[in-house]
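The primary structure of each chain is shown beneath.
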Amino acid sequence: MLTVTSPPSSPPRVSPPTATQPPESKAAETGVWMGIATISMSFAALTSAMVVRQSGAPDWQHFQLPPILYFNTLILLMSSLTLESARRRITAAAGQVGSLVPPVQRLAELYLTLTLGLLFVMGQVVAWRQLAAQGLFLATSPSSAFFYLFTALHGLHLLGGLVGLLYVLHRLRQATGPVPRTALGAATLYWHFMDVLWVYLLALLTIRV
């Protein structure tokens with residue numbers, strides 16, 4: 001009796017990753033959310049300390065905020081708009097097969113965002129100098145101390161955002177494969193948070209000092 005055996009089944013083929021699959025993990029975005037949570041708790045604690053210090057401090061000195069702070073706020077909000085526009089443009093271009101956006105057109109808004117971010121930091125330094133010209137320094141009063149503390153900490157975190165944007169810009173300029181959309185999205189999320197945080201701090205300082 002002749003027995004017919006079936007040929008051995010071949011192992012399942014694994015399709016190679018395509019351009020539509022996400023090239024990066026969500027580790028960067030998760031890290032940004034953890035950083036946002038940490039920064040939020042830190043500033044919440046400082047806000048509570050400020051409120052408690054003001055309520056029981058006869059030496060609390062009210063002063064007028066430097067007007068340039070409102071101009072700096074406008075600059076920072078504009079930088080958030082330019083960064084969001086750049087993110088959408090780059091993401092849309094990366095999703096179109098066979099469609100390439102010229103490098104200058106694709107990255108111009110990122111360069112503009114970096115420029116606006118640096119202008120904001122320089123504007124904050126000008127605000128500190130204007131406050132010092134009025135005789136208000138870090139150790140002058142509790143109110144001025146909190147002003148310098150809040151603005152300096154925010155400025156340092158914003159500089160961290162600038163470093164992140166420079167890293168993303170470097171990757172975009174050197175990219176020969178998939179666009180690092182996850183890194184760009186994480187940097188954009190952090191930058192938007194810096195905007196919201198500054199608007200909150202400005203409102204807090206306007207009310208309290």
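1. A short note on the overall build of the protein
Looking only at helices and strands, the protein features five helices and zero strands. Starting at the N terminus and ending at the C terminus, the protein contains elements arranged as α-α-α-α-α. Within the protein, contacts between residues separated by at least 24 positions form 84% of all contacts whose residues are at least 6 apart in sequence. Of the accessible surface of the protein, which amounts to about 12,300 Å², a share of 68% is contributed by carbon and sulfur atoms.

2. Here's the deal with the nonpolar core
Core analysis: the biggest nonpolar cluster contains 49 residues, and Met50, Leu65, Leu110, Phe147 and Phe150 have the highest contact counts within it. For this core, the secondary structure elements donating two or more residues are α1 (27-55), α2 (68-94), α3 (103-133), α4 (142-174) and α5 (181-208). Here the element with the most residues in this core is α5; it accounts for 14 residues. Leaving out residues up to four positions away in the same chain, Phe150 has contacts with Phe43, Leu46, Thr47, Met50, Leu201, Leu204 and Leu205.

3. A few points about the confidence of the model for the protein
For the protein, the average pLDDT comes to 84, and 79% of its residues sit at 70 or higher. Residue range residues 14-21 is modelled with pLDDT below 50. Its contacts to residues more than four positions away, or to other chains, number one contact. The model gives residues 97-102 a pLDDT under 50, and that stretch makes three contacts with residues more than four places away or in other chains.

4. Details of the packing of aromatic side chains
Considering all chains together, one arrives at six aromatic pairs under this definition. Ring geometry for Phe147 and Tyr148: centres 5.8 Å apart, planes at 85°, overall edge-to-face. Note on accessibility: Phe147 and Tyr148 belong to one class, buried.

Quick notes on the rules
Residues numbered from 1 in each chain as written. Predicted model: local features only at pLDDT ≥ 70, side-chain atom pairs only at ≥ 80, totals over all residues. Heavy atoms only, no water. Helix = DSSP H or I, 4+ residues; strand = E, 2+ residues; numbered from the N terminus. Contact = heavy atoms within 4.5 Å. Areas by Shrake-Rupley, 256 points an atom, 1.4 Å probe, with all protein chains shown as cover. Core = buried A, V, L, I, M, F, W, Y, C linked by side-chain atoms within 4.5 Å. Buried < 20%, exposed > 50% of the residue type's maximum accessible area, 1.4 Å probe, protein only. pLDDT = per-residue confidence, 0-100. Phe/Tyr/Trp six-rings, centres within 6.5 Å; stacked < 30°, edge-to-face > 60°.

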